[in-house]
Structure formats: C-alpha cells, structure tokens
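Each chain is listed here by its residues.
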Amino acid sequence: MARAKSVLSEARQIEIASELIRLDARLQVLEAEVQLSRERLLRLYREIRGKSPPKGMLPFSTDWFMTWQPNVHASLFMNVHRHQIGLDDATAVEALIRAYRLYREQVGQLGLPEVLSITRAWRLTRFFDAGMLGMTACTRCGGEFVTHTFELAHQYVCGLCHMPSRAGKTRRPAKAEPAGAAPR
Amino acid sequence: MTQVCDVVDLDVSAPLAESSPMSRLSEEIRDANLTYLMLAQQMLRVDRAEALYRLGITSEVADILSSLTTAQLLKIAGSSMLLARFRFDDSLVWNLLSSPKRDDVSPRIHAAILMAGRTAAMAAS
C-alpha cells in the first residue's frame, strides 16, 4: 500500500486512525485501512488508549454472522453501510466509520448491547468484498439480511419473521438493566 | 415553538381570522416546516453523509437545501403544505414500530433493519 505523501493527507490518515482506535478497532483493521506505518499506528494506539493493543488473531468465521442475534445486528449494520458506501464522495473507511457509528447509536437507543464490534463490522465488509457473504431479501418482510452467498433466495425467511424459539433468551440477564433505561 | 412563530410573523402576512382553527393549523404547519428545514440544514452542516442517512434525502436535494438562504427558507416554510412526509409509507414498518409489546425489542430492531434497507435502496435508485 502506498504511503501517504503530503503532510495534509497524513493528517487525514491520523484522524481516521484515531477515530478507529476510539471505536475500539483492533490493530489489524488499522493496518489494512490506514496508510501509516505500523510503528506510528502502535504509538497512536498507546497515546489514545494508554495501553498496548491486544494481540492475537482476529475472529475469522463467517458462521458467527449466521447465528440469530449476530445476524440481526450484522444485517442492521450492512443496511446502513450500503447507504453510506453508495454516497458519491464516500471512501471505504469513512463509510465503515459512519455506518458503525449510526449502527451503534440505533442499537443504544433500543437498549441492546453492541453485539457487533467495529472489528467484526470491518470483517463483515471484507467478507462481502470477497463474495463469501451477501444480502438476501426475506420473502415475508422484504428486508435484506446477511446470508451466505448461495442462500436459496426464493425460500429465505429472516430470523425476525421466523423467530427460533430460544432466540435472544441468553441475553436476559444482560437485558434486565438497560430495559429500564430504554424508553427515552 | 413559540419563538419560531415570532420570526415567521415578520415575513408572512398575518392570518385573516386570528381565532379560526384552520389559520392556527396552517401557522403550526409553517412552524413545523421551518423547524424541519433549519434542522436539516444544521444536520447537513455537521456531517453530510450521516445527515443523508438520517433525513433519507438524495444528494441533489441536500445540495439545494444547504444552499438556501434564511430568507428563502422562510418563504418556503410559509406554505400550508407540510414539506416533510412519512418516509416509510407501508403498514409493515408501522405495525412493527407501534408493536404493543413495549419491552420486546425485536419488532423495533426489525423495523430499524427495514428502514435502513429502504433508505439504502432509495439512495441507490
């Protein structure tokens, strides 16, 4: 990847990197999306977070996005992302940041936990770029949901039209607290 | 609302019959229009891309909106027709939004997905 040449564009890159770090992105996301050296990214990370970035591999499974709760969150994010990436002057990183902020805001208003981290969201856009995941329209509500690329479109029913019997039951203890704060 | 009303009165001719319910209504429509237009302009100034999503308007309309002067804004707002309308004009989204089960969030996140999807589809068309 070409390094940033002018001071101005480097300043822009630092701005984007800082925003991603503030959204709790892993270093791998920064390395892929920002044209700054690894050393500078590390220093920036420590300056903003006050600690070294976590090590280890990123979550890499497409199947995680197929489970009920993550699928709902991923679908909301991808619908927002599709709007943001379609705008004329949007770059991929900016669309990611904006879409993630909008997703987080909406989930927060509903009093739900942020199931999708920015790193997962980035991974999701990568899976879309690679053609491993796609959107399929639900045959009942018409909404677009994240599915494997070769989902059978003519019989697909989304997880919200056809709720599995134990859907969302695991988050009952986590939900007890924000439920009271939800009606704002 | 009342502060905005004072501003509008300067520009638009005073209603014929002060107390008639229709004139009061059209005054409120003017207020709503002006509030909407000013809010939209402000949102577009703060973050254009996010505003396009929240407002559900196209880039072209956004360009026109942000170029309007205050005088133009007042003139446009002074119509008896509401400028903003429901973006999601079908019963499915509204049934989900008005779901009676208040503590159950799944209809509301379902609605959020449908609304985001339609905003994206509208922008792409």
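Everything here concerns the structure above.
Chemist: Sorry if this is basic, but what is going on with the overall build of chain A here?
Modeler: Helices and strands together make up the secondary structure of chain A, namely 7 helices and 2 strands. Shown N-terminal to C-terminal, the secondary structure of chain A runs as helices and strands in the order α-α-α-α-α-α-β-β-α. Split into buried and exposed, the 184 residues of chain A put 47% on the buried side. For chain A, long-range pairs separated by at least 24 residues make up 55% of all intrachain contacts whose partners lie at least 6 apart in sequence. Entry remark: accessible area of chain A is about 9,800 Å², with carbon and sulfur atoms responsible for 53%.

Chemist: Sorry, what's going on with the pairing of strand β1 (residues 133-137) of chain A here?
Modeler: Residues and elements named next belong to chain A. When β1 meets strand β2 (residues 144-148), the two strands line up antiparallel, connected through 5 bridges. From the neighbouring strand, Ala137 faces β2, where its bridge partner is Glu144. Between the antiparallel neighbours β1 and β2 lie 6 residues, among them Gly142 with a positive phi of about 80°.

Chemist: What is the right way to read the layout of surface pockets from this model?
Modeler: To find leftover empty space, one rolls a probe the size of a water molecule over the atoms. A volume near 1,000 Å³ is recorded for the largest pocket. Around the largest pocket, the lining is made up of 31 residues, and of these Arg54(B), Leu55(B), Gly56(B), Arg87(B) and Phe88(B) lie nearest the centre. Of all elements in the fold, only α5 (92-109) of chain A together with α2 (21-46), α3 (48-55), α4 (59-67), α6 (91-97) and α7 (106-124) of chain B reach the threshold of two or more residues within the lining of the largest pocket. Examining the composition of the lining of the largest pocket, we find that 7 residues originate from one element, α7(B), more than from any other.

Chemist: Sorry if this is basic, but what is going on with the interface of chain B and chain A here?
Modeler: Note on interface size: it is often stated as the accessible area lost on association of the parts. Chain B puts 24 residues into the contact, and the matching count from chain A is 31 residues. Taking both sides of the interface into account, the surface hidden between chain B and chain A amounts to around 2,300 Å²; carbon and sulfur atoms contribute 67%. Area buried by chain B at its contact with chain A is led by Tyr53(B), Ile109(B) and Ile113(B), which between them contribute 26% of it. One can count 4 salt bridges joining chain B with chain A. Those elements giving two or more residues to the side of chain B that touches chain A turn out to be α3 and α7 of chain B. Ranked by residues supplied to the side of chain B that touches chain A, first place goes to α7(B) with 13 residues.

Chemist: Where do I start with a nonpolar patch on the surface in this structure?
Modeler: Where nonpolar side chains cluster on the molecular surface, the patch consists of Phe86(B), Trp94(B) and Leu97(B) and spans about 300 Å² of accessible area. Mapped onto the elements of the fold, Trp94(B) is located in helix α6.

Chemist: I tried to follow the environment of Asn33(B) on my own but got confused; where do I start?
Modeler: Residues and elements named next belong to chain B. With respect to the helices and strands, Asn33 occurs in helix α2. Its relative accessible area of 0% is what places Asn33 among the buried residues. Considered as a pair, Asn33 and His110 are 77 residues apart in the sequence and their alpha carbons are 30 Å apart. Here Asn33 is in contact with Ala77, Ser79, Met81, Leu82 and Leu83, once residues within four sequence places are set aside. In terms of polar contacts, Asn33 uses its side chain to reach the backbone carbonyl oxygen of Ala77, at 3.2 Å.

Chemist: Mind showing me how you'd approach the nonpolar core here?
Modeler: Generally speaking, a soluble globular protein has its nonpolar side chains buried in company with each other. Ranked by internal contacts, the top residues of the largest apolar core, which has 62 residues, are Leu20(A), Leu30(A), Leu76(A), Phe77(A) and Leu124(A). It is α5(A) that provides the largest number of residues to this core, a total of 8 residues. Listed in part, the 16 residues of the second largest apolar core include Leu87(A), Leu34(B), Ala49(B) and Leu68(B).

Definitions and limits used
- Residues numbered from 1 in each chain as written.
- Chains lettered and ligands numbered in written order.
- Predicted model: local features only at pLDDT ≥ 70, side-chain atom pairs only at ≥ 80, totals over all residues.
- Heavy atoms only, no water.
- Helix = DSSP H or I, 4+ residues; strand = E, 2+ residues; numbered from the N terminus.
- Buried < 20%, exposed > 50% of the residue type's maximum accessible area, 1.4 Å probe, protein only.
- Contact = heavy atoms within 4.5 Å.
- Areas by Shrake-Rupley, 256 points an atom, 1.4 Å probe, with all protein chains shown as cover.
- Pairing = 2+ DSSP bridges.
- 1 Å grid on protein atoms, 1.4 Å probe; cavity = no way out; pocket = protein on both sides within 12 Å on 5 of 7 lines; lining within 4 Å.
- Points joined across faces, edges and corners; volume = space filled by probe spheres on them.
- Buried area = accessible area lost by both parts, 1.4 Å probe.
- Salt bridge = Lys/Arg side-chain N within 4 Å of Asp/Glu carboxyl O.
- Patch = residues over 30% accessible without salt bridge, like charges linked within 9 Å, V, L, I, M, F, W, Y side chains within 5 Å.
- Polar contact = N/O pair within 3.5 Å; in protein donor to acceptor, adjacent residues only side chain to side chain.
- Core = buried A, V, L, I, M, F, W, Y, C linked by side-chain atoms within 4.5 Å.

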